[in-house]
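# Coordinate inspection notes
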Amino acid sequence: MNTTPRFQEETARSQPVASTLVSLQNVSKTFANGTIALRDMSLDIAQGDFVSLLGPSGCGKSTALRIIAGLGDASAGEVMWPSSARTGEDTSNGAGTNQDISFVFQEPTLMPWASVFSNVYLPLRLKGLSKQAARDDVMGALEMVGLEGFAKSYPRELSGGMKMRVSIARALVTKPKLLLMDEPFAALDEITRFKLNNDLLHLWEAFGWTVIFVTHSVFESVYLSNRIIVMAARPGRVVEDIPIDAPYPREEEFRTSDTYNDFCRRASQALHGAMEVSEPA
Ligand code: ADP
């Protein structure tokens with residue numbers, strides 16, 4: 001299949017930069033009931049970025065993530081994958097790149113009847129790998145999230161934080177280039193959330209994936225990201241793009257630093273601004 005001419009046509013129009021992993025170009029989404037979940041969203045995500053989508057409920061964060069994942073279609077606009085096009089893959093709406101994308105939801109969504117090992121093995125099983133062939137990758141993913149000793153446990157035996165770790169291991173077992181996370185830690189207590197924030201950052205620094213992280217927590221978005229996209233609701237749209245120019249590794253002392261507080265103030269003001277221009281639900 002020759003997709004090059006179409007890609008050239010698209011790049012001629014939009015010219016995404018060389019390191020762009022995914023580019024949303026004037027993406028809009030209107031649901032059948034008339035809700036405009038996104039209007040004219042344009043955003044380039046660079047390879048290796050940790051980007052947070054921050055905004056009030058209903059501003060289209062999850063819709064944007066689902067469209068990037070190829071789980072939903074845009075009503076208008078384009079999602080482009082410039083780097084995969086260089087290897088000759090299909091670039092339309094993530095098709096051909098889906099196997100490089102993993103999604104982590106707010107709920108761990110584990111199979112209660114299956115062991116931790118089997119839960120993490122699932123994406124590889126769906127790809128046709130035998131348990132034996134997948135064993136090293138599954139154990140490697142469990143090791144990454146600190147659960148290598150729990151392979152034989154069942155979800156009911158685990159805390160909320162541990163279940164989320166299993167969910168993250170299941171996302172990592174396919175070695176994705178892009179990790180999409182939709183409020184993954186929102187249901188966890190603060191101490192567990194801080195711990196998972198730190199562990200996620202360590203993994204991101206070690207493995208260099210690109211992460212798009214949905215949250216409505218200013219503090220979490222500043223702590224984790226190198227860039228925050230602030231969105232407003234009804235219609236869902238981007239209102240600010242804030243670079244968080246603080247060095248990594250970020251550890252606990254970053255949470256109490258003046259730099260962190262300054263960025264939190266800035267992001268908080270942007271979020272309040274976004275809420276003021278959001279139509280009431
Ligand atoms: P967020 O993740 O920022 O809370 P969503 O992307 O979930 O926002 O939703 C954006 C808007 O689209 C909201 O008004 C929501 O009610 C609406 N919406 C989401 N999914 C659907 C759907 N399947 N049908 C109709 N409206 C939807």
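See above for the structure.
Residues numbered from 1 in each chain as written. Predicted model: local features only at pLDDT ≥ 70, side-chain atom pairs only at ≥ 80, totals over all residues. Heavy atoms only, no water.

## Here's the deal with the environment of Ser 102
Mapped onto the fold, Ser 102 is located in strand E5 (residues 101-104). Counting along the chain gives 68 residues from Ser 102 to Arg 170, while the straight-line C-alpha distance between them is 8.7 Å. Setting aside residues up to four positions removed in sequence, Ser 102 forms contacts with Ala 171, Thr 174, Pro 176, Leu 178, Leu 179 and Leu 180. Polar contacts involving the side chain of Ser 102 include one to the main-chain carbonyl oxygen of Ala 171, which spans 2.6 Å. (Helix = DSSP H or I, 4+ residues; strand = E, 2+ residues; numbered from the N terminus. Contact = heavy atoms within 4.5 Å. Polar contact = N/O pair within 3.5 Å; in protein donor to acceptor, adjacent residues only side chain to side chain.)

## A look at unusual backbone geometry
Cis geometry marks the peptide bond from Arg 234 to Pro 235; its omega dihedral reads 0 degrees. Among the structural elements, Pro 235 can be located in the loop between strand E8 (227-232) and strand E9 (237-243). Put simply, Tyr 248 and Pro 249 share a cis peptide bond, and its omega is 0 degrees. Following the sequence through the fold, Pro 249 ends up in the loop between E9 and helix H9 (252-255). Although it is not a glycine, Asp 40 sits at a positive phi angle of roughly 55 degrees. Tracing the backbone shows Asp 40 in strand E2 (residues 36-46). Backbone geometry places Glu 183, a non-glycine residue, at a positive phi of 45 degrees. Secondary-structure assignment places Glu 183 in the loop between strand E6 (178-182) and helix H7 (190-207).

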